[in-house]
Amino acid sequence: MAASGVASPTRTEVLQLYRSLLRVARQFCDYNIREYTKRRTIDAFRDNKNLTDPSQLSAAFSDGKAQLEVAKRQAVVYSLYAPKVKSIMDIRPS
């Protein structure tokens, strides 16, 4: 029997990707984008939690890594053009 050649990601790698995506989400200055990125990460991992096929797991993992790179780039761009005034959601009561 020949191996399929598709390396399925380990549980540790998947959790590391999840934490990395949530960490990048915290870097966004804008509340709406920060929460959207966080919500989208949680929903995507919840939707893919029952995948068992190694090829589907590998495809979802590589898609997640691609999304991580996009989120990192966007966080940098958003930080360059951050608004001068804070959102009402970011203001903490004294």
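Here, the structure is the one placed above.
Residues numbered from 1 in each chain as written. Predicted model: local features only at pLDDT ≥ 70, side-chain atom pairs only at ≥ 80, totals over all residues. Heavy atoms only, no water.

## Some thoughts on the packing of aromatic side chains
Piece 1. Applying the stated rule across the entire model yields two aromatic pairs.
Piece 2. Ring centres of Tyr18 and Phe45 lie 4.9 Å apart, and the angle between their planes is 70 degrees; this geometry places the pair in the edge-to-face category. Highlighted residues: Tyr18 in helix α1 (residues 11-25) and Phe45 in helix α2 (residues 31-47), separated in sequence by 27 residues. (Phe/Tyr/Trp six-rings, centres within 6.5 Å; stacked < 30°, edge-to-face > 60°. Helix = DSSP H or I, 4+ residues; strand = E, 2+ residues; numbered from the N terminus.)

## Describing the layout of surface pockets
The gaps of empty space that remain are located by a probe, the size of a water molecule, rolled over the atoms.
Piece 1. Of the pockets and cavities examined, the largest pocket occupies roughly 750 Å³.
Piece 2. Here the lining of the largest pocket is built from residues that sort into 18 nonpolar, eight polar and five charged. (1 Å grid on protein atoms, 1.4 Å probe; cavity = no way out; pocket = protein on both sides within 12 Å on 5 of 7 lines; lining within 4 Å. Points joined across faces, edges and corners; volume = space filled by probe spheres on them. Nonpolar A, V, L, I, M, F, W, Y, C, P; charged D, E, K, R; others polar.)

## With respect to the pattern of salt bridges
Piece 1. With the rule as written, the count across this model stands at three salt bridges.
Piece 2. Notably, a salt bridge pairs Glu35 with Lys38, separated by 3.5 Å at the nearest N-O pair. Taken as a pair, Glu35 and Lys38 lie in helix α2 at a separation of three residues, close to a single helical turn.
Piece 3. Among the salt bridges present, the one from Lys72 reaches Glu69, with a minimum N-O distance of 4.0 Å. Of this pair, Lys72 and Glu69 both sit in helix α3 (residues 54-80), three residues apart, roughly one helical turn.
Piece 4. Classification of Glu69 as partly exposed rests on a relative accessible area of 39%. (Salt bridge = Lys/Arg side-chain N within 4 Å of Asp/Glu carboxyl O. Buried < 20%, exposed > 50% of the residue type's maximum accessible area, 1.4 Å probe, protein only.)

## A few points about the packing of α1 against α3
Piece 1. It is at 10 Å that the axes of α1 and α3 come closest, and there the two elements cross at 20 degrees. By the angle between their directions, the pair α1 and α3 is classed as roughly parallel. Two packed elements cross with a definite hand, and for α1 against α3 that hand is left-handed. In contact with Glu13, Val14, Leu17, Ser20, Leu21 and Val24 of α1, α3 contributes Phe61, Gly64, Lys65, Gln67, Leu68, Ala71, Lys72 and Ala75.
Piece 2. Partitioned by chemical class, the residues of the contact of α1 with α3 number eight nonpolar, three polar and three charged. (Axes fitted to C-alpha atoms, helices over the stretch in contact; angles between N-to-C directions. Parallel < 35°, antiparallel > 145°, perpendicular 65-115°, else oblique. Left-handed = near helix turned anticlockwise from the far one by under 90°. Contact = heavy atoms within 4.5 Å.)

Purely geometric stuff here, so don't read any function into it on its own.
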